[in-house]
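# Observations on chain architecture
One-letter residues, chain by chain:
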2 protein chains.
Amino acid sequence: MNSIASDSYVVHFKEKAYNALNEHLKDANYSKIFILVDENTHDLCLPLFMAEINGDYSYEIIEIEAGEIHKNLETCAQVWEAMSELDADRKSLMINVGGGVVTDMGGFIASCFKRGIPFINVPTTLLAMVDASVGGKTGIDLGALKNQIGVINQPQMVLVISDFLNTLEERQLQSGFAEMLKHGLIKDKKYWTELQMLSNFELMDDFIYHSILIKNEVVLQDPTEQNLRKILNFGHTLGHAIESYFLESATHETLLHGEAIAIGMIMEAFLSKELTGLSVKELEDIRTTFLKRYKKIVFTEEDIQAILGLLKFDKKNSHGNINFVLLRSIGNPEIDIKIPNNLYIKAFDYYKV
Amino acid sequence: MNSIASDSYVVHFKEKAYNALNEHLKDANYSKIFILVDENTHDLCLPLFMAEINGDYSYEIIEIEAGEIHKNLETCAQVWEAMSELDADRKSLMINVGGGVVTDMGGFIASCFKRGIPFINVPTTLLAMVDASVGGKTGIDLGALKNQIGVINQPQMVLVISDFLNTLEERQLQSGFAEMLKHGLIKDKKYWTELQMLSNFELMDDFIYHSILIKNEVVLQDPTEQNLRKILNFGHTLGHAIESYFLESATHETLLHGEAIAIGMIMEAFLSKELTGLSVKELEDIRTTFLKRYKKIVFTEEDIQAILGLLKFDKKNSHGNINFVLLRSIGNPEIDIKIPNNLYIKAFDYYKV
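Residues numbered from 1 in each chain as written. Chains lettered and ligands numbered in written order. Predicted model: local features only at pLDDT ≥ 70, side-chain atom pairs only at ≥ 80, totals over all residues. Heavy atoms only, no water.

### Let's talk about the domain arrangement of chain A
All names here are of chain A. When the domains of chain A are assigned, the result is domain 1 (4-167) and domain 2 (170-352). Measuring from the centre of the C-alpha atoms in domain 1 to the corresponding centre in domain 2 gives 26 Å. Of the residues lining the interface, 30 residues belong to domain 1; the matching set on domain 2 comes to 32 residues. Counting each side, the surface lost to burial between domain 1 and domain 2 is near 2,700 Å², with a carbon and sulfur contribution of 67%. Together, Leu126, Val130 and Lys146 form the three largest contributors to the area buried by domain 1 at its contact with domain 2, with a combined 23%. One can count four salt bridges joining domain 1 with domain 2. Linking domain 1 with domain 2 are 10 residue pairs in polar contact (both at pLDDT 80 or more), by the criterion used here. (Domains from an automatic or database assignment. Contact = heavy atoms within 4.5 Å. Buried area = accessible area lost by both parts, 1.4 Å probe. Salt bridge = Lys/Arg side-chain N within 4 Å of Asp/Glu carboxyl O. Polar contact = N/O pair within 3.5 Å; in protein donor to acceptor, adjacent residues only side chain to side chain.)

This is the structure in structure tokens:
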């Protein structure tokens, strides 16, 4: 499987990934290597990963608690303090081995430590492989506000090793799969149709590769999200608000990222039918596909009002406007659409039925 | 006074500064302007500044507590939360009006908010004018470790308005003057001699201009501090450790940045005499010049050990080595010098005598 060249670095796959890493470590003369893991990847992925590294390097393993709820400034401060105590310097390397929380937060931690040290991402979830592996977005949450704090900065390389998918539960795989379905919806109808027909997650390599290709093509054309890159936010405007709300709520179970944006995509497909000409047939196709895979959530009136209240914090907003990405048809997105206020409730109603 | 072009932006002076700002605001169509001040600049500088802005823009003033002790993650979190509540979006502008704490931290806050919004720096202290106005360093402290967390990012413009110097006490002016003397020591012997002869701070414009020119020339050649830029750290390796130690100490009065690096420069000049051939005559000249302006500090044995313990956190370190910038002669620095352990105590002894 060929490597994919992104902005200033390369995404390597499977056995080639370990070769590339070993070559890089041999050449780079890092003073020390810091490996960031969470409790899960510490136990399930780190042993596999370490077994493939040749050479005698000085390591430190830093473990954080697992889960989106820990993707915050407090965890960053703890890791920065640990790195200072463990003599990290500007010639140190950080390797982030984990899901999106670890790669997003680890990238931010590395980018700000002593004004920036190099880092490598090793995504271990399907979501992180297809979504966080290209684009250079790093970040953490601020209270309930997702990825409110962060920088754009590129890793030295990204290693996509699909063996790690064997460590995941079905629900985690489905979460990542929602982003892959999104790649079809915004850019490639044929790919959408192929993904719909998948009945299990056993042979994912080619699909992961194709999803990364799609995302890479978009972010290379618009790295700072001035226009084209916004299409990657399809389903995310409502999806992020829903995810944030469930994350903060004391009474609701937390939703995984893919589960939240699956709901967001159904609702934003409805808005697309109303505003940008998506056909009823394609709208129904989108709704059916997501509802087949993702558990339906019941929203109370109170939930909906709270979720709509969070929309004003969306990062795509400007000058007080909430900007949506909608679809003209599957594969054809349109950016910067404003939504008439009365349509939000209708979108929730459409999801409910 | 002509403007100085730096990396991707321009430093404007005095009346030209306000013109440039007003033109920029007229053209840029920001959604909202956030002005960051501390208690002091809120009262002393903000009214003067606001009086010079033409046009009807939407503003929010965010005030933080004054002092290096507040240059930390907690203050950043408070400002980020305030900005979120006040509907800051990616098209918002941040203007940092204050000393180095406000411009360094405000630059960091802007650089990380929603992965980066534009900012303008308006340094109000002599130190911030000559030191923080070019180079793109943003950052905050981590516990006692100075500027341990930050990014390199450039402002839209920097406005150097020397009228603000009238709001400062003598001690603050002396602190900034130490950085100007450093510019002479590392790059320009004639400038060093001119500065030595200054008996007051009344006509500083030309000197400020010259200091910014020197620093700008250095950072343009080496923006990421791979080699040449390290010369700006003369006096800072010991100076930062001394500053950190006094900042954290319950029993010592806090030193201003310039006061700490003045001590650092005397000691590092001594190391230069020992290791890089600085003449005894120039060493004595340096010592006398600084001791004439800056109060002599008494270090106990315990102080010295604690300060030397902090050296390992210096950002210039790599592979366990502490790297110093020393002088071959006034105006001729040399980077990446390792210090034999026995010389540190001798450097303190030389300062003490």
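### Let's talk about the relation of the copies chain B and chain A
Superposing chain B onto chain A takes a rotation of 180° plus a shift of 0.0 Å along the axis, which leaves an RMSD of 0.0 Å. Both chain copies can therefore be described as sitting about a two-fold axis. Looking at the rotation axis and the C-alpha trace of chain B, the residue lying nearest is Leu73(B), at 3.9 Å. When the interface residues of chain B are mapped onto chain A, 100% of them are again interface residues, pointing to one common binding face. (Least-squares fit on C-alpha atoms with pLDDT ≥ 70 in both.)

### Thoughts on the pattern of salt bridges
Evaluated as defined, the whole model comprises 42 salt bridges over all chains. Put simply, Lys189(A) and Glu282(A) hold a salt bridge, and the shortest N to O gap is 2.7 Å. Highlighted residues: Lys189(A) in helix α8 (residues 189-196) and Glu282(A) in helix α12 (residues 280-293), separated in sequence by 93 residues. Taking relative accessible area as the criterion, Glu282(A) reaches 12% and is therefore assigned buried. In this structure, Arg229(A) engages Glu225(A) in a salt bridge whose closest nitrogen and oxygen atoms are separated by 4.0 Å. The same class applies to Arg229(A) and to Glu225(A), which are both buried. By sharing partners, the salt bridges in this structure join Arg90(A), Lys137(B), Glu225(B) and Arg229(B) into a single network. (Helix = DSSP H or I, 4+ residues; strand = E, 2+ residues; numbered from the N terminus. Buried < 20%, exposed > 50% of the residue type's maximum accessible area, 1.4 Å probe, protein only.)

### As for helix α9 (residues 205-221) of chain B
All names here are of chain B. The end-to-end C-alpha separation of α9 is 25 Å, in line with the 24 Å expected for 17 residues at 1.5 Å each. Those residues of α9 that sit buried are Phe207, Ile208, Tyr209, Ser211, Ile212, Ile214, Lys215, Asn216, Val218 and Val219. At its buried positions, α9 is contacted by β1 (4-5), β2 (10-13), α6 (126-132), β9 (157-160), α7 (170-187) and α8 (189-196). (Expected span 1.5 Å × (residues − 1).)

### Comments concerning the UniProt feature "domain: 3-dehydroquinate synthase N-terminal" (unreviewed entry) in chain A
Residues annotated by UniProt as "domain: 3-dehydroquinate synthase N-terminal" (unreviewed entry) correspond here to residues 62-174 of chain A. The distance separating the terminal C-alpha atoms of residues 62-174 of chain A is 28 Å; by composition the span is 34% helix and 23% strand. (UniProt positions renumbered as here; feature names shortened; annotations may be inferred.)

### Notes on unusual backbone geometry
All names here are of chain A. In this structure, Lys14 takes a positive phi of about 50° despite not being glycine. The topology assignment puts Lys14 in helix α1 (residues 14-28). According to the relative accessible area criterion, Lys14 is partly exposed, its value standing at 25%. Positive phi is not limited to glycine here, since Asp87 has a value of about 65°. On the basis of relative accessible area, Asp87 is assigned to the partly exposed category, the value being 39%.

### Some words on the packing of aromatic side chains
Centre-to-centre distance and the angle between the planes together describe a pair of aromatic rings. Evaluated as defined, the whole model comprises 24 aromatic pairs over all chains. Consider the rings of Phe299(A) and Phe348(A), whose centres lie 5.2 Å apart with planes at 85°: the pair is edge-to-face. Of the two residues, Phe299(A) is situated in the loop between α12 and α13 (301-310) and Phe348(A) in helix α14 (residues 342-352); the sequence distance between them amounts to 49 residues. For the pair Phe299(A) and Phe348(A), a shared accessibility class is recorded, and that class is buried. When the ring of Tyr18(B) is compared with that of Phe49(B), the centres are 6.1 Å apart and the planes differ by 45°; the resulting orientation is tilted. Residue Tyr18(B) is found in helix α1 (residues 14-28), and its partner Phe49(B) is found in helix α3 (residues 46-51); the two are separated by 31 residues along the sequence. The same class applies to Tyr18(B) and to Phe49(B), which are both buried. Put simply, the rings of Tyr245(A), Phe246(A), Phe299(A), Phe348(A) and Tyr351(A) touch in pairs and so form one group of aromatic residues. We note Arg287(A) situated over the ring of Tyr350(A); from NZ or CZ to the ring centre the distance is 5.1 Å. (Phe/Tyr/Trp six-rings, centres within 6.5 Å; stacked < 30°, edge-to-face > 60°. Lys NZ or Arg CZ within 6 Å of the ring centre and 35° of its normal.)

### Topic: the UniProt feature "domain: 3-dehydroquinate synthase C-terminal" (unreviewed entry) in chain A
The UniProt record marks residues 176-317 of chain A with the feature "domain: 3-dehydroquinate synthase C-terminal" (unreviewed entry), using the residue numbering of this structure. Overall, residues 176-317 of chain A shows 65% helix and 0% strand. The separation of its end C-alpha atoms is 25 Å.

### Considering the environment of Tyr191(B)
Residues and elements named next belong to chain B. Residue position: Tyr191 is located in helix α8. For the pair formed by Tyr191 and Gly143, sequence separation is 48 residues and the distance between their alpha carbons is 36 Å. If near-sequence neighbours (up to four positions away) are discounted, Tyr191 is found in contact with Met180, His183, Gly184, Phe207, His210, Ser211 and Ile214.

### Brief notes about the packing of helix α4 (residues 73-85) of chain B against helix α5 (residues 100-112) of chain B
All names here are of chain B. Axis separation between α4 and α5 bottoms out at 10 Å; the angle between their running directions is 50°. Here α4 lies oblique to α5, going by the angle between them. Two packed elements cross with a definite hand, and for α4 against α5 that hand is right-handed. Every residue of α5 that contacts α4 at Thr75, Cys76, Val79, Trp80 and Met83 is listed here: Met105, Phe108, Ile109 and Cys112. (Axes fitted to C-alpha atoms, helices over the stretch in contact; angles between N-to-C directions. Parallel < 35°, antiparallel > 145°, perpendicular 65-115°, else oblique. Left-handed = near helix turned anticlockwise from the far one by under 90°.)

### Things to note about the interface of chain B and chain A
Contacts between chain B and chain A engage 40 residues on the former and 40 residues on the latter. Between chain B and chain A lies a buried interface of about 3,300 Å² when both sides are counted; carbon and sulfur atoms form 55% of it. Applying the counting rule to chain B against chain A returns four salt bridges. The shortest N-O distance in the salt bridge between Lys312(B) and Asp87(A) comes to 3.1 Å. At the junction of chain B with chain A, the criterion picks out 12 residue pairs in polar contact (both at pLDDT 80 or more). Of all the secondary-structure elements, those providing two or more residues to the side of chain B that touches chain A are α4, α5 and β8 (145-149) of chain B. Considering each element in turn, the side of chain B that touches chain A owes the most residues, six residues, to α4(B). Of the residues assigned to the side of chain B that touches chain A, the class counts are 13 nonpolar, 14 polar and 13 charged. (Nonpolar A, V, L, I, M, F, W, Y, C, P; charged D, E, K, R; others polar.)

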